[in-house]
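Here are the chains, one letter per residue:
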2 protein chains.
Amino acid sequence: MRILVVGSVALDSVKTPFGEVQEALGGSAVYFSISASYFAPVSLVAVVGQDFPQQHLGLLRARGVDLQGLHQSPGRTFRWHGSYGYDLNEARTLRTELNVFEHFSPSLPGSLRGAQVVFLANIDPELQRRVLQQTNSPRLVAADTMNYWIEHKPRELRETLRLVNILAINEAEARELAQEANLVRAARAIQAMGPQVVVIKRGEYGVLMFNSRSIFSAPAYPLEDIHDPTGAGDTFAGGFLGYLAKARDFSEASMRKALVMGSVMASFAVEGFSVAGIKGLSLKDIEARFQEFKALTHFEAL
Amino acid sequence: MRILVVGSVALDSVKTPFGEVQEALGGSAVYFSISASYFAPVSLVAVVGQDFPQQHLGLLRARGVDLQGLHQSPGRTFRWHGSYGYDLNEARTLRTELNVFEHFSPSLPGSLRGAQVVFLANIDPELQRRVLQQTNSPRLVAADTMNYWIEHKPRELRETLRLVNILAINEAEARELAQEANLVRAARAIQAMGPQVVVIKRGEYGVLMFNSRSIFSAPAYPLEDIHDPTGAGDTFAGGFLGYLAKARDFSEASMRKALVMGSVMASFAVEGFSVAGIKGLSLKDIEARFQEFKALTHFEAL
């Protein structure tokens, strides 16, 4: 199954206690695409400026990512400047330059309208819906969002959520969206807004998935060397939806394996700056870490 | 195998967003004893004042807890006053009255010296060691500690740690003890201080266990109704060591099941104030929740 992703392509300047990069390849659609590309064909819908380095396009093409939907507009590419302290769970945004992203209005080439799996990365919920309206009834729609949209476009976000099968959202934002401190109740409240499946991202504490009847908990992989958490959530979503698109199976058992695969990909992402941790993996690397997740969580019955 | 626990017996006044109690039964040795009593015989070593209610002694006796080592001293029982906000991970201590606990110097009745499993709850590391010196080479020694001892008695704590097989410690305190932000490195550094097994408690995010060769991750049970997190860590330790004492098997596979059993018991503890959630369980309740942990974490191989 082909996956369509709409989101940002960015040049990130990031500083962590373990190093820093300037104007490195980033953006939600980039992390997602590279991660998902190990499992299924991916088409990326986004905008870049005229200053966007050719080598980055080359990297995406080398991973087989379809760039028909990547618009190049007059002006500069979206830039994000951020830093992290030793508590790598929380990014501090130092500066955001929207640039060409400010007037981004995605229009899908006809060839992309039939994608069966769609990921609406964390952008304006109105844009998320506009993309969805251009598709021909995909089988699975997943989305991400953030506090900014919860606070500034609550009505538009609610309209988008009605059309979404899976919402992947950070823990604090789930509580904010549902206006409920207890996470189980928050997830149930979000399910009532539309998404049948709610995936709560908890950074170094892993993820919780709420399906209609059950809850699944997957840890994050305990790493000795975390260099940069930027993009971990989108890399997670790429592994998750990539696995589902490859399996063509949206049963709960398949979703659980997919969730672990998302966690596997995120664990590689944080080991390097920018996309260094995920751009050159082999399927053998990925399967080996999946086995490590099995070993990390296995216990016998009573 | 008999378990010996040394720690506090307290009267707790606790307020959470979901209610409050005044002078309710509490203390690390109490939560531990009640929890462990479902699995193995427990002897409690602690001190109370002359004001300690008879009904609490009755509750402990009804659970089969051996109170030969519970000293009654002239004066008032140890009291703790605390509160929690909606973020139930962090207790605010409003007042501590040490009372008879201030001059507590545990001496073990001869009949308790042969206990094969020992739990040194979170008390002064000098007292922990004094208890240990009165035992006849137990097969398994576990301990807890906190920031206060890490900061005020670092040398004494290090001496105790050399004698301990398992250290159960909160996440932030593990980082502080090891002076290392990365949790994997922190656990390895603590293992180098003595304990072969380091169990990192992460509240609502579950626990990580570091053995010599592997890491095991167990989630906390996602609950819709958490009333009072007081005692969750000691209840966890009670289920963990209780299971091991019953199994008489300290292999890694057994320790993993024990860790889940600790998490099971902690999940009951937080559902009620004081010991309400754990005092009247059946083995059927406990086994059913163990199965729920299995369902919560299970995923198939690739």
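**Digging into the packing of aromatic side chains**
Link 1 in the chain: Applying the stated criterion to the full structure yields 19 aromatic pairs over all chains.
Link 2 in the chain: Seen from their ring centres, Phe299 of chain A and Phe290 of chain B are 5.6 Å apart, and the 90° between their planes marks the pair as edge-to-face. Here Phe290 of chain B lies in helix α10 (residues 283-297) and Phe299 of chain A lies in the segment after α10 (283-297), a pairing that spans two chains. Here Phe299 of chain A and Phe290 of chain B have matching classes, each one buried.
Link 3 in the chain: Among the aromatic residues, ring-to-ring pairing joins Phe78, Phe101 and Phe104 of chain A into one connected group.
Link 4 in the chain: For Lys294 of chain A, the ring lying beneath its charged end belongs to Phe299 of chain B, and the centroid distance is 4.3 Å.

**Some thoughts on the side chain of Thr16 of chain A**
Residue and element names in this part refer to chain A.
Link 1 in the chain: Structurally, the position occupied by Thr16 is in strand β2 (residues 10-16).
Link 2 in the chain: Among the residues examined, Thr16 registers a relative accessible area of 6% and is labelled buried.
Link 3 in the chain: There is a polar contact of 2.8 Å between the side chain of Thr16 and the backbone oxygen of His227.

**Quick notes on the relation of the copies chain A and chain B**
Link 1 in the chain: Of the transformation placing chain A onto chain B, the axial shift is 0.0 Å and the rotation is 180°, giving an RMSD of 0.0 Å. Accordingly, the operation relating the two chain copies is best matched by a two-fold axis. Rotation axis and chain A: the residue whose C-alpha lies nearest the axis is Tyr205 of chain A, separated from it by 3.1 Å.
Link 2 in the chain: Mapped onto chain B, 100% of the interface residues of chain A again fall at the interface, so both copies present the same surface.

**Some thoughts on the interface of chain A and chain B**
Accessible area lost when the parts come together is the quantity often used to give the size of an interface.
Link 1 in the chain: Taken together, the contacts link 37 residues of chain A with 37 residues of chain B.
Link 2 in the chain: Summed over both partners, the interface of chain A with chain B buries about 3,600 Å², with 58% contributed by carbon and sulfur atoms.
Link 3 in the chain: The largest share of the area that chain A buries against chain B comes from Tyr205, Phe299 and Leu302 of chain A, three residues that together contribute 22% of it.
Link 4 in the chain: Applying the counting criterion to the chain A and chain B interface returns eight salt bridges.
Link 5 in the chain: Between Arg185 of chain A and Asp225 of chain B there is a salt bridge, with its nearest N and O atoms 2.7 Å apart.
Link 6 in the chain: Here chain A is connected to chain B by 20 residue pairs in polar contact (both at pLDDT 80 or more).
Link 7 in the chain: Mapped by element, the contributors of at least two residues to the side of chain A that touches chain B are α6 (171-178), α7 (183-191), β13 (215-218), α9 (252-269) and α10 of chain A.
Link 8 in the chain: A per-class count over the side of chain A that touches chain B returns 21 nonpolar, four polar and 12 charged.

**Considering the environment of Thr235 of chain A**
All names here are of chain A.
Link 1 in the chain: Of note, Thr235 is situated in helix α8 (residues 232-247).
Link 2 in the chain: Judged by its relative accessible area of 0%, Thr235 is buried.
Link 3 in the chain: Remark: the alpha-carbon pair of Thr235 and Val30, spanning 205 residues in sequence, is separated by 8.7 Å.
Link 4 in the chain: Excluding its chain neighbours within four sequence positions, the residues that come into contact with Thr235 are Tyr31, Ser35, Gly262, Met265, Ala266, Ala269 and Ile278.

**Some details on the pattern of salt bridges**
All names here are of chain B.
Link 1 in the chain: Tallied over the full model, the rule gives 36 salt bridges over all chains.
Link 2 in the chain: Close ionic contact of Glu171 with Arg175 constitutes a salt bridge, the shortest N to O distance being 3.3 Å. A residue pair is termed a helical-turn pair when its members lie 3 or 4 positions apart in one helix, as Glu171 and Arg175 do in helix α6 (residues 171-178) at four residues.
Link 3 in the chain: Residue Arg175 is classed as partly exposed on the basis of its relative accessible area, which comes to 24%.
Link 4 in the chain: With its nearest N and O atoms 3.5 Å apart, the salt bridge here joins Arg202 to Glu171. Here Arg202, found in the loop between β11 (197-201) and β12 (207-210), pairs with Glu171, found in helix α6; they are 31 residues apart in sequence, far enough to count as distant.

**What to know about the sheet that holds β13 of chain A**
Residues and elements named next belong to chain A.
Link 1 in the chain: Across the sheet, which stays open at both edges, the nine strands sit in the order β5-β4-β1-β8-β9-β10-β11-β12-β13 with mixed pairing between neighbours. Looking along the sheet, the strands with just one partner apiece sit at the ends: β5 (70-72) and β13. The average undirected angle you get between the axes of adjacent strands in this sheet is 15°.
Link 2 in the chain: Bridging between strand β10 (residues 166-170) and strand β11 (residues 197-201) involves five bridges; their strand directions are parallel. Of the residues in β11, the one forming a bridge with Ile166 is Val197.

**Looking at the confidence of the model for chain A**
Link 1 in the chain: Across chain A, the average pLDDT comes to 97, with 100% of residues at or above 70.
Link 2 in the chain: Among the scores for the predicted complex, ipTM is 0.95 and pTM is 0.96.

**A word on helix α1 (residues 28-36) of chain A**
Link 1 in the chain: In terms of burial, α1 of chain A is largely enclosed, as nine of its nine residues are buried.
Link 2 in the chain: Restricting attention to buried positions, one finds in α1 of chain A the residues Ser28, Ala29, Val30, Tyr31, Phe32, Ser33, Ile34, Ser35 and Ala36 of chain A.

**Topic: the layout of surface pockets**
All names here are of chain A.
Link 1 in the chain: Roughly 160 Å³ of internal volume is contained in the second largest pocket.
Link 2 in the chain: Taken together, Leu140, Asn165, Gln196, Val197, Asn211, Ser212, Arg213, Phe250, Glu252 and Met255 make up the lining of the second largest pocket.
Link 3 in the chain: Its residues assigned to classes, the lining of the second largest pocket shows four nonpolar, four polar and two charged.

**Observations concerning the side chain of Ser8 of chain B**
Residues and elements named next belong to chain B.
Link 1 in the chain: With respect to the helices and strands, Ser8 occurs in the loop between β1 (3-6) and β2 (10-16).
Link 2 in the chain: Using a relative accessible area of 10% as the deciding quantity, one classes Ser8 as buried.
Link 3 in the chain: A distance of 3.0 Å separates the side chain of Ser8 from the backbone nitrogen of Ser28, its partner in a polar contact.
Link 4 in the chain: Not counting chain neighbours up to four residues away, the residues in contact with Ser8 comprise Gly26, Gly27, Ser28, Ala29, Val30, Phe78 and Phe101.

**Let's talk about the pairing of strand β1 (residues 3-6) of chain A**
Looking along a regular strand, one sees side chains alternate from face to face of the sheet.
Residues and elements named next belong to chain A.
Link 1 in the chain: Covered by surrounding structure in β1 are Ile3 and Val5 together with Leu4 and Val6, the residues of both alternating faces.
Link 2 in the chain: In this structure, β1 lies alongside strand β8 (residues 117-120), joined through four bridges in parallel fashion. In the strand pairing of β8, Val5 is matched with Phe119.
Link 3 in the chain: Two strands pair when backbone bridges link them, and β1 and strand β4 (residues 42-48) are joined in this way by four bridges, in the parallel orientation. Within β4, the residue paired with Ile3 across the bridge is Val42.

**Structural notes on the nonpolar core**
The tendency in soluble globular proteins is for nonpolar side chains to be buried as a group.
Link 1 in the chain: Counting residues in each nonpolar core, the largest one holds 108 residues, and the members touching the most others are Leu44, Ile166, Val199 and Leu241 of chain A.
Link 2 in the chain: The element that contributes the greatest number of residues to this core is α9 of chain A, accounting for 10 residues.
Link 3 in the chain: If we skip the residues at most four places from it in the chain, Leu241 of chain A touches Ile3, Phe32, Val117, Val118, Phe119, Leu140, Ala142 and Ile166 of chain A.
Link 4 in the chain: Leu11, Phe39, Leu57 and Tyr243 of chain B belong to the second-largest nonpolar core, a separate cluster that totals 62 residues.

**Some points on the sheet that holds strand β7 (residues 91-97) of chain B**
Residues and elements named next belong to chain B.
Link 1 in the chain: Taken in spatial order, the four strands line up as β3-β2-β6-β7 in an open sheet, and their pairing is mixed. On the outer flanks of this sheet lie β3 (19-26) and β7, each paired with one strand and no other. For this sheet, the mean inter-axis angle between neighbouring strands, taken without regard to orientation, is 15°.
Link 2 in the chain: Alignment of strand β6 (residues 79-84) against β7, held across six bridges, turns out to be antiparallel. Within β7, the residue paired with Trp80 across the bridge is Thr96.

Quick notes on the rules
- Residues numbered from 1 in each chain as written.
- Chains lettered and ligands numbered in written order.
- Predicted model: local features only at pLDDT ≥ 70, side-chain atom pairs only at ≥ 80, totals over all residues.
- Heavy atoms only, no water.
- Phe/Tyr/Trp six-rings, centres within 6.5 Å; stacked < 30°, edge-to-face > 60°.
- Helix = DSSP H or I, 4+ residues; strand = E, 2+ residues; numbered from the N terminus.
- Buried < 20%, exposed > 50% of the residue type's maximum accessible area, 1.4 Å probe, protein only.
- Lys NZ or Arg CZ within 6 Å of the ring centre and 35° of its normal.
- Polar contact = N/O pair within 3.5 Å; in protein donor to acceptor, adjacent residues only side chain to side chain.
- Least-squares fit on C-alpha atoms with pLDDT ≥ 70 in both.
- Contact = heavy atoms within 4.5 Å.
- Buried area = accessible area lost by both parts, 1.4 Å probe.
- Salt bridge = Lys/Arg side-chain N within 4 Å of Asp/Glu carboxyl O.
- Nonpolar A, V, L, I, M, F, W, Y, C, P; charged D, E, K, R; others polar.
- Pairing = 2+ DSSP bridges.
- Axes fitted to C-alpha atoms, helices over the stretch in contact; angles between N-to-C directions.
- pLDDT = per-residue confidence, 0-100.
- 1 Å grid on protein atoms, 1.4 Å probe; cavity = no way out; pocket = protein on both sides within 12 Å on 5 of 7 lines; lining within 4 Å.
- Points joined across faces, edges and corners; volume = space filled by probe spheres on them.
- Core = buried A, V, L, I, M, F, W, Y, C linked by side-chain atoms within 4.5 Å.

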